[in-house]
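Analysis of the macromolecular model
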Amino acid sequence: MIPQSLAFLMTYKCNFQCDHCSVSAGPEHREVIAAEHMRRVIEEAYVVPSIRVVVFTGGEPTLYPELLKTGISLAHEKGFVTRLVTNAWWAKIPEKAHQFLQNLRAAGLDELNISFDDFHLLYLEAFGGEQNVVNAVRAATELGMTVLVGTVLHPGARIRTGYLRKTFQEAGIQQEIKFLEDFVFPLGRARQKLPAHLFVSDPEKREKGACREAGQTLAILPDGRVLFCCGHIVNSRAEEIFTVDTLASGAPLSEIVARMQRNVLYWWLHLEGPEAAYAELGVEKRFQRKCEACFYLGTAYRGKLQALAAKKEEIFARWEGEKVGLPA
Ligand code: SF4
Ligand code: SF4
């Protein structure tokens, strides 16, 4: 498996402070990715042929509009598909929403990914409200962009795909909009702030077995660390076990990808999933969500996990021949 996308978590700063935020973003954060790191990684990603998409996310990346525009422009020039993940705070006035997106579209933005649900709405109200999402979606479709709206659910959630589809239809938006639903994860701020009954297992049982997301996206954190996962463990104590390198080391991205290929945890999660890692550790514990299992691997069970590093060759040998892409 080789990475297909790069995700710049440009900052953990956000003008919202959603209760369900798994990266615990909020207004108090100050860290922001260095423009030089962004430039370097995009240039180096050009020689990693599997990488096709560059994602700008956070926190709220639009709080740094010039940096965002520079990143989009660099990625576009290199031929990558570019995607922005945003809470749409900037879209209160239709004309301004259009102007804002037009500016980014001119820089090379291809896809708009809006995060909106019951949790976001509480904060979006201060910047306009649900109409912001309609304005942002309309402007993006007028500009010929691909649009996705991601919603995080809990039992009893009002804002769901069906509700949004109807809202966009009633607003006369013709273009097909993509939707992505997921259930709230008991991680980050959600873990501290939300009551237990809001956390449910994924009814589609996607939580069993291998995690194909491991290694699919390389996450670049605001401080320049490179992780082989941009899942819900980012900005937590668990992220260390997912860290492949830091850009400050000077290693080119191709070398960081090669290093990831020698990381036994990466292969374990990618081929068998966190549950298999727990079985190897002899730990019987049930989790509702895969990323939650990973969080505890990187925190409560980290000592046990490190002890397994000595068995790395033995573990690799088990997969030899039956799995593709293992390091020689
Ligand atoms: S969920 Fe999104 S909008 Fe809400 S605080 Fe986190 S980064 Fe900000
Ligand atoms: S299950 Fe683990 S490897 Fe997969 S996305 Fe979540 S934290 Fe990352």
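Our subject is the structure listed above.
Numbering of residues starts from 1 in every chain and runs along the sequence as written. Chains carry letters and ligands carry numbers; both start at the beginning, A for chains and 1 for ligands, and go up in the order they are written. Totals for whole chains, interfaces and linings use every residue, but because this is a predicted model, local features are given only for residues with pLDDT of at least 70 and side-chain atom pairs only at 80 or more, for both listing and counting. The basis for every side-chain value is the complete set of heavy atoms in the structure, and neither hydrogens nor water enter the calculation.

**Here's the deal with the overall build of the protein**
Looking only at helices and strands, one finds 13 helices and 9 strands in the protein. The C-alpha radius of gyration of the protein comes to 20 Å, within 12% of the 20 Å expected for a compact globule of 328 residues. Each of the three principal axes of the protein carries a C-alpha extent, and together these read 60 × 45 × 35 Å. Between buried and exposed lies partly exposed: a residue is buried under 20% and exposed over 50% of the maximum accessible area for its type, with that area taken using a 1.4 Å probe on protein chains only. Across the 328 residues of the protein, 55% fall into the buried class. Between two residues, a contact is recorded if the distance between any of their heavy atoms is within 4.5 Å. Counting only contacts in the protein whose residues sit at least 6 apart along the sequence, the fraction spanning at least 24 positions is 73%. Summed over its atoms, the accessible surface of the protein is roughly 14700 Å², and 51% of this surface lies on carbon and sulfur atoms. Across the protein, the mean location of the 38 positive side-chain charges is 2 Å away from that of the 39 negative side-chain charges. Per the convention used, a helix needs a DSSP run of H or I reaching at least four residues, while a strand needs a run of E reaching at least two, with both numbered from the N terminus. Atoms counted for the radius of gyration: C-alpha only. Globule rule: 2.2 Å times the number of residues to the power 0.38. Surface exposure here means Shrake-Rupley accessible area, sampled with a 1.4 Å probe, where a residue is shielded only by the protein chains that are shown. A positive count includes Lys and Arg, and a negative count includes Asp and Glu. His and the chain ends are not counted in either. Taken as the charge centre is NZ of Lys, CZ of Arg, CG of Asp or CD of Glu, depending on the residue.

**What to know about the site of ligand 1**
In the vicinity of ligand 1, the contacting residues are Cys14, Phe16, Gln17, Cys18, His20, Cys21, Ala25, Gly59, Asn87 and His120. Following the grouping adopted for this structure description, the nonpolar residues are Ala, Val, Leu, Ile, Met, Phe, Trp, Tyr, Cys and Pro, the charged ones are Asp, Glu, Lys and Arg, and the polar ones are all others, Gly among them. In the shell around ligand 1, the residues fall into 5 nonpolar, 5 polar and no charged. Nearness is judged by heavy atoms alone; a residue qualifies as near a molecule or strand once a single heavy atom is within 4 Å of it.

**Remarks on the site of ligand 2**
Taken together, Cys211, Ala214, Cys229, Gly231, Ile233, Phe242, Leu269, Lys290, Cys291 and Cys294 make up all the residues around ligand 2. A per-element tally of the shell around ligand 2 places helix α11 (residues 290-297) first, with 3 residues. Residues that form the shell around ligand 2 fall into these classes: 8 nonpolar, 1 polar and 1 charged.

**Quick word on helix α5 (residues 130-142)**
What a helix should span is 1.5 Å times the count of its residues minus one. Compared with an ideal rise of 1.5 Å per residue, which puts 13 residues at 18 Å, α5 spans 19 Å between its outermost C-alpha atoms and is within 8% of the ideal. Within α5, the full set of buried residues consists of Asn132, Val133, Val134, Asn135, Ala136, Val137, Ala139, Ala140 and Thr141. Structurally, α5 contributes buried residues whose contacts are with α3 (94-107), β4 (111-115), α4 (118-124), β5 (146-153) and α6 (161-170).

**Focus on the pairing of strand β1 (residues 5-9)**
In terms of burial, β1 is largely enclosed, as 5 of its 5 residues are buried. Between any two strands, at least two bridges found by DSSP are needed for them to pair. Two strands pair when backbone bridges link them, and β1 and strand β2 (residues 53-57) are joined in this way by 5 bridges, in the parallel orientation. Within β2, the position partnered with serine 5 by the bridge is valine 53. Think of it like this: strands point away, you trace from the first strand over the helix to the second, and a clockwise trace means the crossover is right-handed. The parallel pair β1 and β2, bridged by helix α1 (residues 35-45), forms a crossover whose chirality is right-handed.

**Some remarks on unusual backbone geometry**
Cis geometry is found at the peptide bond from glycine 58 to glycine 59, where omega equals 20°. Position of glycine 59 among the secondary structure elements: in the loop between β2 and α2 (65-77). Unusually for a residue other than glycine, serine 24 sits at a positive phi of about 55°. Within the secondary structure, serine 24 sits in the loop between β1 and α1.

**Here's the deal with the pattern of salt bridges**
Salt bridges are defined as contacts in which a side-chain nitrogen from Lys or Arg sits within 4 Å of a carboxyl oxygen from Asp or Glu. In total, this model carries 16 salt bridges according to the counting rule given. Among the ionic pairs, aspartate 245 bridges to arginine 259, the shortest N-O distance being 2.4 Å. You can see aspartate 245 sitting in strand β9 (residues 243-246) and its partner arginine 259 sitting in helix α8 (residues 253-260), a full 14 residues away along the chain. With relative accessibility at 11%, the residue aspartate 245 sits in the buried group. For arginine 259, a relative accessible area of 27% puts it in the partly exposed group. The structure contains a network of salt bridges with shared partners spanning Glu36, Arg39 and Glu43.

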